[in-house]
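# Architecture at a glance
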Amino acid sequence: MPSKPAKLQIIWLQGITCNGNTHSFLNDSALGTLLQDVQFLHHPILPSALTLRELVSKLPKSDILIVEGAYEAGFERAGMRMDKLLSALASKTKHIISMGSCASFGGIFKESSPDTISGILFDKTKASGPLRGMREKVITLSGCPAHPEWLSFVINMIRCGKTIKLDEYRRPKELYAFTVHNGCLRNEYFEWKVDSGHFGTKEGCLFYVQGCQGPFTHGSCNKILWNGVSSKTRAGTPCLGCTEPTFPKTELFSTKTYMSIPAEMPLGVPKRSYLALAGAAKSFHIKRLEERLIDDNA
């Protein structure tokens, strides 16, 4: 009988965080199965071999180091500065995953101290984080929070010894090659320039007035649904662009325009082409797209 492969040894280290990615991970429907193939040496919530204080004392080797939360050199975990702790654990692991936009790019916490807070590899768009010398180990899973199935996908790819193709920010292409706009149920409204006008409806696009970042944001939110059911745009809320290094932006719920033309074009669309298509679309009047999908009074 062939011996069963050893379980992957994983450390989940938290920096400056709201715990959003920790709680997101708990919502993975396949978590029970995954936990049969991995062992957490340390996790802030799940059963683990080591407490945080024991982790800091032993600084063990691991197969995967998952980092949640923004990086600040002087931030302490169990009495050890993050610059020393992160460096020690990162040097003893095979793979590093930045879990969420704070660990990936600095995220929301960076707004409070732009000069001292960053991601572990990237500081916004610049690869100037503390683990830049270990770049080839890092896999970026940006999102606020990141989808739990994205993490399970990466762990299982590592467990099976498969190659993970990455983009310029070290994000898995199988998860981030799409834009959030791809797969959005509102795409027909987008094509015919019919905006919803307000949140929470099933009808209309959220891009032209409501500030939806879907056409500029890399992520599979409309392909791998949250809880297998929904996404922001399906619920009638604009995408906030949380997987991008520029997150968070200001004035999130409005679209900046010049003479009714969006200031920012969808990714890969030349402005001249956009204007030609927009002009043609606006010349049509499609009654079906201006009606309620479900008439509450019927």
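Per chain, residue numbering runs from 1 following the sequence as it is written. It should be noted that, the model being predicted, local features are given only for residues of pLDDT at least 70 and side-chain atom pairs only at 80 or more, the latter also being counted only at that level, while totals for whole chains, interfaces and linings use all residues. Note: side-chain values were computed over all heavy atoms of the structure, leaving out hydrogens and water.

Turning next to the domain arrangement of the protein. Here the limits of each domain have been adopted from an automatic or database domain assignment. Assigned domains of the protein: these are domain 1 (8–175) and domain 2 (178–284). The C-alpha centroid of domain 2 is placed 30 Å from the C-alpha centroid of domain 1. Two residues form a contact once any of their heavy atoms are found within 4.5 Å. Listed per partner, the contact involves 22 residues of domain 1 and 16 residues of domain 2. For the pair domain 1 and domain 2, the summed buried area comes to about 1500 Å², and 61% of that belongs to carbon and sulfur atoms. Between Lys or Arg on one side and Asp or Glu on the other, a salt bridge is scored when a side-chain nitrogen of the former is within 4 Å of a carboxyl oxygen of the latter. Remark: the boundary between domain 1 and domain 2 carries 1 salt bridge. The partner of glutamate 244 in a salt bridge is arginine 171, with the nearest N and O atoms 3.3 Å apart. Starting at the N terminus, helices and strands are each numbered in turn, a helix being any DSSP run of H or I of at least four residues and a strand any DSSP run of E of at least two. Of all the secondary structure elements, the ones that give two or more residues to the side of domain 1 that touches domain 2 are helix H5 (101–105), helix H6 (107–110), helix H7 (148–159) and helix H8 (173–176). The element best represented in the side of domain 1 that touches domain 2 is H7, accounting for 3 residues. Classifying every residue of the side of domain 1 that touches domain 2 by side-chain character gives 9 nonpolar, 8 polar and 5 charged. We define buried area as the total accessible area lost by two parts upon association, computed with a 1.4 Å probe and summed across both. Each residue gets one label: Ala, Val, Leu, Ile, Met, Phe, Trp, Tyr, Cys and Pro are nonpolar, Asp, Glu, Lys and Arg are charged, and the others, such as Gly, are polar.

Attention shifts here to the pattern of salt bridges. This model, assessed by the stated rule, comprises 8 salt bridges. Between lysine 110 and aspartate 123 there is a salt bridge whose closest N-O contact spans 2.7 Å. In this pair, lysine 110 is assigned in helix H6 and aspartate 123 in the loop between H6 and strand E7 (138–141), connecting sequence segments 13 residues apart. Lysine 110 sits in the buried class, given a relative accessible area of 7%. Here the residues in one salt-bridge network are Asp167, Arg171 and Glu244, joined through shared partners. Relative accessibility under 20% of the residue-type maximum defines a buried residue, over 50% an exposed one, and the middle range a partly exposed one, all with a 1.4 Å probe and only protein chains included.

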